[in-house]
2 protein chains.
Amino acid sequence: MTAQLDNDLLLRALLRQPTERTPVWMMRQAGRYLPEYRATRQQAGSFLDLCKHTELACEVTLQPLERFPLDAAILFSDILTIPDAMGLGLYFAQGEGPKFERPVRTEADIQRLPVPDPGAELRYVTDAVSLIRRELKGRVPLIGFTGSPWTLATYMIEGGSSKNFAHAKGMLYDRPELMHRLLDKLAQSVTSYLNAQIAAGAQALMMFDTWGGILTPAAYREFSLRYAEQIIAGVTKHHEGRDVPLVFFTKNGGAWLEDMATIGAHGLGIDWTQDLGDARRRVGDRVALQGNLDPSILYASPDVIRREVGTVLRSYGHGHGHVFNLGHGIHPEVDPEHAGAMIAAVHELSPQYHG
Amino acid sequence: MTAQLDNDLLLRALLRQPTERTPVWMMRQAGRYLPEYRATRQQAGSFLDLCKHTELACEVTLQPLERFPLDAAILFSDILTIPDAMGLGLYFAQGEGPKFERPVRTEADIQRLPVPDPGAELRYVTDAVSLIRRELKGRVPLIGFTGSPWTLATYMIEGGSSKNFAHAKGMLYDRPELMHRLLDKLAQSVTSYLNAQIAAGAQALMMFDTWGGILTPAAYREFSLRYAEQIIAGVTKHHEGRDVPLVFFTKNGGAWLEDMATIGAHGLGIDWTQDLGDARRRVGDRVALQGNLDPSILYASPDVIRREVGTVLRSYGHGHGHVFNLGHGIHPEVDPEHAGAMIAAVHELSPQYHG
């Protein structure tokens, strides 16, 4: 059976089917730039408390949809839920980003990592997905998400964010077989995590490869792309009578689009350092493209935002297969009205490129 | 008259003339990974004190040449000397990187910026260049350097390093005419600064465009590349009977190599996210290439370092026009012996690609 969807533009665009206009959503659309998010966050306590509180996670997921005519909701969560469920002790230090109490450095560390059961340690995520789906009442599709194995591995090995990735790169170059064992365990974990999100109601998926772009071309193929492909091969392709499209996004990965287009993803995320028209010519008709407005353009005035939305739409050009988005998450200091100006411009300017 | 040079491999490689092996130097080769640098730095006081102390700046410039068979020295200095000479009040906050007491935000701020006289406010730089040249005694060429106008502008507008570049991007998109006025003033300043370095004895030049890679392709051409080209047009081309080659390096700029190859630079810096062989095919015989070992490979063991040096050399392939370097500055935590292993491997493995 196919659950009713009032607006399925996102799903059609990702499957490269015709749409009457270009769908639009924003990475981090439920986030700190919204005063209502900051209020709920304060009520919840820590960021992680908010992720783990089913009703409040649902509330913040829906907040941007109350303000803006967006074409998708995306689960409010964090990419580091899997390493947390593996027992590494995730916490967020004030102003320092995510940290792990127990980083992964040795063969024994990797050996003892469990593949988490999404029905147990990650139940709070699938509970949130189910509740959000119910509350969405079919308005727009719900996107589930994960970090890529390589990106999760960098945080797990470094114990948090990093500038030079000394430990992760050291393991990659000195002990590649260990790195592969870790990545394989993560790929298994991500696959069952995504399938649990689909079973709970996610209708599209995103895989964020935030740190793939710090690798050499050869290391990217061996340590990042290969595991993304392994996951995609294992992810449920149809559910509730519909295809479940997946978008793969490597930040700063523009040099490797041809390779990314071969791993079975329906769409690729494109950051703003690429010309979208060039990217389209390079991937041909193999995948849809999602992006790619420079998120910093939202610091500028609404007139400029409208003009730059026009530039992105014109760059992609006529025809289907484009999902409008920022080239990265929306910055916390952005005025919500500027986000609104971007979304309105997509509604207004994109129909001319369709039909 | 041509001053004697015992080793001119770097100059010949940048001019795409035959060499018997691939020359090698390292970005930040005079720096914190060397215990002798840390000792001199402690003696000098702050980082800026060290830059401004002629004898000590000369001493740290020469330190890596005492340890390793490098094919170039590079002036020890900072890219932010020009904004400092413009009166912005450069200082280095512990663990926070460079800061300016008086950032540039308004039309009036830009209006009142002087174009510094390199013979006055920047005399400490040319004094250091002269002394280093004298102390080098013709062993290897001395490289002078600068930041690109766009990169300098980001620090001046943000007041230091930045994650999202809210102010700089805001000005670029909202007040492009103001941004152009600032960049033009910086281009004039950089041109006379580089010419003063050449007059004092610099035999090759590098222009670091550290933040060009955060721009869209269109903004990169308009706000970064255009001013690099303007500077190159105004820089002294021959001095002491020799060509003075210039290398332009945009970090994360791999998507735009074809454009960069047209601005008159003799060489382009390539970071490790590009395959060097692909880069060579894309630029053809228009420019030499400098790079591109992932600096994190120096965290790995000497055997692995040697193997990866081989991969970079093989990727560039046979023929002239390659200067071996890291894809970015050497990390401060690297064991100096690992740097030595890299340099030895270039000496040993590169001759087979020449002659």
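Shown above is the structure to which this text applies.
Reference entry: report on the structure contained in this document.

Reading the values: the criteria
Residues numbered from 1 in each chain as written. Chains lettered and ligands numbered in written order. Predicted model: local features only at pLDDT ≥ 70, side-chain atom pairs only at ≥ 80, totals over all residues. Helix = DSSP H or I, 4+ residues; strand = E, 2+ residues; numbered from the N terminus. Buried ≥ 20, exposed ≤ 12 C-beta atoms within 10 Å, placed from the backbone. Contact = placed C-beta atoms within 7 Å. Least-squares fit on C-alpha atoms with pLDDT ≥ 70 in both. Nonpolar A, V, L, I, M, F, W, Y, C, P; charged D, E, K, R; others polar. Axes fitted to C-alpha atoms, helices over the stretch in contact; angles between N-to-C directions. Parallel < 35°, antiparallel > 145°, perpendicular 65-115°, else oblique. Left-handed = near helix turned anticlockwise from the far one by under 90°. Core = buried A, V, L, I, M, F, W, Y, C linked by C-beta atoms within 7 Å. Pairing = 2+ DSSP bridges.

Helices and strands together make up the secondary structure of chain A, namely 15 helices and eleven strands. Dimensions along the principal axes, computed over C-alpha positions, put chain A at roughly 60 × 45 × 45 Å. Within chain A, the proportion of its 355 residues that are buried is 55%. Considering only residue pairs separated by 6 or more positions, chain A has 72% of its internal contacts joining residues 24 or more positions apart.

Okay, the relation of the copies chain A and chain B next. Rotating chain A by 180° and translating it 0.0 Å along the rotation axis places it on chain B, where the RMSD comes to 0.0 Å. Taken together, the turn and the small shift mark the pair as related by a two-fold rotation axis. Minimal C-alpha distance to the rotation axis in chain A is attained by Ala255(A), lying at 3.3 Å. Here 100% of the contact residues of chain A are again contact residues in chain B; the copies associate through an equivalent surface.

Between chain A and chain B, the contact holds 26 residues from the first and 26 residues from the second. Here the side of chain A that touches chain B takes five residues from helix H9 (residues 166-174) of chain A, the largest share from any one element. Class assignment for the residues of the side of chain A that touches chain B results in ten nonpolar, eleven polar and five charged.

With that settled, consider the packing of helix H13 (residues 276-283) of chain B against helix H14 (residues 302-316) of chain B. Two measures define how a pair of helices packs: the angle their axes make with one another and the distance between the axes. Residue and element names in this part refer to chain B. In the contact formed by H13 and H14, the axes pass within 7 Å of each other and the chain directions differ by 20°. Looking at the two axes, H13 sits roughly parallel to H14. Judged by the twist between their axes, the crossing of H13 over H14 is right-handed. Touching Leu276, Gly277 and Arg280 of H13 are Val312, Ser315 and Tyr316, all from H14.

Below, the discussion takes up the environment of Pro149(B). Residues and elements named next belong to chain B. Positionally, Pro149 belongs in helix H8 (residues 149-158). For Pro149, a count of 28 C-beta atoms within 10 Å puts it in the buried group. It is 9.4 Å that separates the C-alpha atoms of Pro149 and Phe208, two residues lying 59 residues apart in sequence.

Here is a general trend for soluble globular proteins: nonpolar side chains tend to be buried in one another's company. Ile143(A), Leu268(A), Ile143(B) and Leu268(B) are the most contacted members of the largest nonpolar core, which totals 248 residues. Residues contacting Ile143(B), with those up to four places away along its chain left out, are Ala72(B), Ala73(B), Ile74(B), Leu75(B), Ala202(B), Ala204(B), Leu205(B) and Met206(B).

Residues and elements named next belong to chain A. In spatial order, the strands read S1-S4-S5-S8-S9-S10-S11; together these seven strands make up an open sheet with parallel pairing. Strands with a single pairing partner mark the edges of an open sheet, and in this sheet they are strand S1 (73-74) and strand S11 (322-326). With five bridges connecting them, strand S4 (residues 142-147) and strand S5 (residues 204-209) associate as parallel partners. Bridge pairing in S5 links Gly144 to Leu205. Each of strand S10 (288-293) and S11 touches helix H14 (residues 302-316); the most contacted strand, S10, lies at about 155° to it.

Turning next to the pairing of strand S8 (residues 246-250) of chain B. Residue and element names in this part refer to chain B. Burial analysis of S8 places five of its five residues in the buried class, which makes it a mostly covered element. The alternating pattern of S8 places Leu246, Phe248 and Thr250 and Val247 and Phe249 on opposite faces, both of which are buried. The pairing of strand S5 (residues 204-209) with S8 spans five bridges and is classified as parallel. Bridging across to S8, Met207 finds its partner in Phe248.

Relative to the elements of secondary structure, Gly310(B) occurs in helix H14. Sequence spacing of Gly310(B) and Met156(B) is 154 residues, and the spatial spacing of their C-alpha atoms is 40 Å.

This part takes up the environment of His239(B). All names here are of chain B. Relative to the helices and strands, His239 is located in strand S6 (residues 238-239). We classify His239 as partly exposed; it has 16 C-beta atoms within 10 Å. Note: C-alpha distance between His239 and Ala199 (40 residues apart in sequence) is 7.7 Å. Residue contacts for His239: discarding those within four places in its chain leaves Ile198 and Val244.

Take the packing of H8(B) against helix H10 (residues 176-200) of chain B next. All names here are of chain B. Where H8 meets H10, the axes come as close as 9 Å, and the angle between the chain directions of the two elements is 120°. If you check the angle between H8 and H10, you find them oblique. Considering how the two elements wind past one another, H8 and H10 form a crossing that is right-handed. Two secondary-structure elements touch here, H8 through Pro149, Trp150, Leu152 and Ala153 and H10 through Leu182, Leu183, Leu186, Ala187 and Val190.

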